[in-house]
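# Geometric and topological summary
Listed below are the residues making up each chain.
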Amino acid sequence: MGVIHRMWDWIDDRTGFSGTIKPLLDHPSPAGAKWSYVFGSATLVAFLVQVLTGIGLSSSFVTSTSQAYDSLQFISHDPFGRLLRGMHYWGASAMVLFIGLHMAQVFLIAAYKYPRELNWLSGVLLLAVTLGMAFTGQLLRWDQTAVWSIVVAAAQAARAPLIGNGLVRFILAGDNVGGATLSRFFAFHVFFIPAIVFTLIGLHLFLVLYHGISEPPKVGRPVDPKTYRKWYHEHLQREGVPFWPDAAWRDVAASVAMVAVIVGLAAIIGPPALEKPPDPTILEAYPRPDWYFLWYFAVLALIPNNLEDYIIILAPLLAGGVLFALPFISNKGERSMWSRPWAMASVVMIVMMIGTLWILGEKAPWSPAFAAKYLPPEVVHAQSAGVSAGANLYHEKGCENCHAVGAYGGARGPNLTYVGDRLTTEQLTTRILNGGYNMPAYGGSLTPQQLDELVSFLQSRKRLPASNPNTADVGR
Amino acid sequence: MTTEVQPDSARSHEHGSGLAHDANAAPTQSEQHEINSPARRKFLSQLSIGLGGLTGALMGLPVVGFLIAPLLKRPPQQWQPVGKINDFEVGKTVEVTFADPSPLPWAGVVAQTAAWLRREKGDAFQAYAVNCTHLGCPVRWLQDASLFMCPCHGGVYYQDGRVAAGPPPQPLPQYEVRVRDGNVEILTSPLPIGSPKA
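Residues numbered from 1 in each chain as written. Chains lettered and ligands numbered in written order. Predicted model: local features only at pLDDT ≥ 70, side-chain atom pairs only at ≥ 80, totals over all residues. Heavy atoms only, no water.

## Some thoughts on the pattern of salt bridges
All names here are of chain A. Going by this rule: A pairing counts as a salt bridge when a side-chain nitrogen of Lys or Arg comes within 4 Å of a carboxyl oxygen of Asp or Glu. By the criteria applied, helices consist of DSSP H or I runs no shorter than four residues and strands consist of E runs no shorter than two, each listed in order from the N terminus. A 1.4 Å probe rolled over the protein chains alone gives each residue an accessible area, and that area as a share of the maximum for its type sets the label: buried under 20%, exposed over 50%, partly exposed in between.
Inspection of every chain in the model, using the stated rule, returns 13 salt bridges over all chains. A salt bridge links E308 to R159; the nearest nitrogen and oxygen atoms lie 3.3 Å apart. Of this pair, E308 sits in helix α13 (residues 308-329) while R159 sits in the loop between α7 (144-157) and α8 (164-172), placing them 149 residues apart in sequence. With respect to burial, E308 and R159 carry one shared label: buried. Notably, a salt bridge pairs R335 with E215, separated by 3.0 Å at the nearest N-O pair. With R335 in the loop between α13 and α14 (341-363) and E215 in the loop between α9 (179-211) and α10 (228-239), this pair connects stretches of sequence that are 120 residues apart. Using a relative accessible area of 4% as the deciding quantity, one classes E215 as buried.

## Section: the nonpolar core
Applied cut-off: We call a set of buried residues a nonpolar core when its members are Ala, Val, Leu, Ile, Met, Phe, Trp, Tyr or Cys and they connect through side-chain atoms within 4.5 Å of each other. Whether two residues touch is decided by their heavy atoms; if any such pair falls within 4.5 Å, the residues are in contact.
Of all hydrophobic cores here, the largest spans 62 residues; its most connected members are A:F61, A:W142, A:I150, A:V177, B:W116, B:V139 and B:F148. Sort the elements by how many residues they give to this core and α7(A) lands first, with 9 residues. Among residues more than four places away in sequence, those in contact with B:V139 are A:L283, B:W116, B:A129, B:V130, B:C132, B:F148, B:M149, B:C150, B:Y157 and B:L172.

## Quick word on the interface of chain B and chain A
In many analyses, interface size is given as the accessible surface area lost on bringing the parts together. Here is the rule: By buried area we mean how much accessible surface two parts lose on assembly, using a 1.4 Å probe and totalling the loss over both. Polar contact is the term for a pair of N or O atoms within 3.5 Å; when the atoms are in protein, one must be able to donate a hydrogen and the other to accept it, and sequence-neighboring residues count only if both atoms are side-chain atoms. Just so you know the grouping, Ala, Val, Leu, Ile, Met, Phe, Trp, Tyr, Cys and Pro go in nonpolar, Asp, Glu, Lys and Arg go in charged, and all remaining residues, Gly too, go in polar.
Of the residues lining the interface, 57 residues belong to chain B; the matching set on chain A comes to 62 residues. Of the roughly 4,600 Å² buried between chain B and chain A, counting both surfaces, carbon and sulfur atoms make up 62%. Ranking the residues of chain B by area buried against chain A places B:V110, B:L135 and B:R140 at the top, with a combined share of 14%. Summed over the shared surface of chain B and chain A, the result is 0 salt bridges. Linking chain B to chain A there are 25 residue pairs in polar contact (both at pLDDT 80 or more). If you list the elements that add at least two residues to the side of chain B that touches chain A, you get α3 (38-72), β2 (93-99), β3 (112-121), β5 (140-142), β6 (147-149), β7 (156-158) and β8 (163-165) of chain B. By residue number, the principal contributor to the side of chain B that touches chain A is α3(B), which donates 6 residues. Partitioning the side of chain B that touches chain A into residue classes produces 36 nonpolar, 15 polar and 6 charged.

## Focus on the packing of helix α4 (residues 68-77) of chain A against helix α5 (residues 79-108) of chain A
Residues and elements named next belong to chain A. For the record, the criterion: As a rule, the C-alpha atoms of each element are fitted with a line to give its axis, helices using only the stretch in contact, and angles between N-to-C directions run from 0 to 180 degrees. An angle below 35 degrees is read as roughly parallel, one above 145 as roughly antiparallel, one from 65 to 115 as roughly perpendicular, and any other as oblique.
Between α4 and α5, the least distance of the axes is 4 Å, while the angle of their chain directions is 105 degrees. Between α4 and α5, the crossing angle belongs to the class labelled roughly perpendicular. Taken together, the residues of α5 that come into contact with α4 (itself represented by L72, I75, S76 and H77) are P79, G81, R82 and R85. For the contact of α4 with α5, the residue count by class is 3 nonpolar, 3 polar and 2 charged.

## As for a nonpolar patch on the surface
All names here are of chain A. This is how the line gets drawn: Grouping into patches uses exposed residues only, defined as over 30% relative accessible area, and leaves out salt-bridged ones; the cut-off is 9 Å for like charges and 5 Å for nonpolar side chains (Val, Leu, Ile, Met, Phe, Trp, Tyr). With residues, only the protein chains shown are counted as cover, and all accessible areas are computed by Shrake-Rupley using a 1.4 Å probe.
Side chains of I21, L24, L25, L209, W244, V252 and V256 sit close together on the surface and give an oily, nonpolar patch of about 590 Å² of accessible area. Considering the arrangement of structural elements, one finds V252 in helix α11 (residues 243-268). Residue classification places V252 among the partly exposed positions, given a relative accessible area of 43%.

Printed below as a string of structure tokens:
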């Protein structure tokens, strides 16, 4: 006992731990900071999970466009490799999730106000680089989707005025997706961006210590830059508790739970499956981003075509600009969300917007249903050879890719289950021949007989069988 | 903190022996004044910051240069064979593949590019990029429907590359094609996305 004590005293004296580090741990923090304050530390721990599992994965990942896919197969089929890949994926998910929660919480309690403006700004930059990590990470899963995601990223960059083509060449590391592309993303994912993340985390944590943890707000206790610092100091003198362990235990508990969930999901569900090989000549592809960008995938499908150039380039810049401007626009006054209804409303609106876009992105109703098969006879319900032939054409001519009959087919265009009730033969003929909004014109690719058959099939799509004389005028 | 320089103490004399000046020759008042001059300090600060910046640039610029090098290089365009003319049926559109003109040795499958080749009649071929002009996703050819369809956001093109539906802002880009000695050849090009001038 005595020996250990003396050893510690020696180490403490030579390292200066008690004099320098301990006060940082003991610094007084607001007593009311409870569970809603754990999101930041959880994000940090999720990042540590990423660093550790990333280092593990890098020990077997081959940064070569010809071999990365095979090395990922190797990793995925090794029990520990699979667990690491899973942890890296679920850890990334946790990091994105918790950075979002942390940001929403900080925004709702207006902790970004005086004097913590730079805490917020460094946090906004951390959000940006975290999303950068999420994106580049998905590309290192060097499969078919990764390759096409790079092309999609480059195609978005290409929309930038003046520098668009330069950006494309920078992203691809050349004229095309090639041998240099993956190495470049590897360097960014593993060295450049993490270096920025570490630097920003250092700054962010320093600022948290320097300004102190912001106290839970109270209605009627506005921030006044003239008096806040003095007030905060006195407040902590009066009611503060040492950060370690009074506040920190919740951070530890929450992070442990989070890591347990990450490991659990990695063990049970595992990493996302590798798609087909990264061969750009395999055109049977269905590129989708990971969940954290699926909502943006929906945005890209839904924005009006003539505004695309502006939205793809300006919207991210504008969003970043708003986040950056926030602590300067409002750096004093009420902090409680109960006196800031617009703050609450904007969080609710953003969550609803992203949530809705997510659901849409998952369903992707705008995508052609390539997997659609010929309609089964019980759905076609053919009363004549013409209707039957029309049903086959309906599949072969790609109508089914975008239109649904019953439970079959795509959702891009109107549902045609009962189109016979809505449109006359003439109307159907005109639409098929000339096309319409978002509908190709088939005038050049159907013979007159095929057109007749297709129309008679569509005409037979009625609520009740047309043969029933009692329903003759239902179509009106 | 106590003052470190105590010339009359033996201990500190030893301790100070590593310093630049001899402890016996204590600085004169004017020397002391010069050492403490604000102008000198300012100069030394600026010098250090300047030298630090220069070192940073010396270390960083080669990295930046290496990263942006692809912007300055223009790999050659080359005619690449995609098949014999008789392999292609008139009126049909088929996928053809060809190699990058100068792939890196470790490029593997990504050195290959695909295109949709259509034989109009005789020697007349059209080669369409597989990349949707909306965001670059690979469009698929539906032979019976005579349409290209994009799996990402539902872009649709006619067999001649014109936009039929969906978000694409432009027709499918085309590669140059020629027939030489019975071989169909495609002129390689940068990834056909972005402005057509690329």
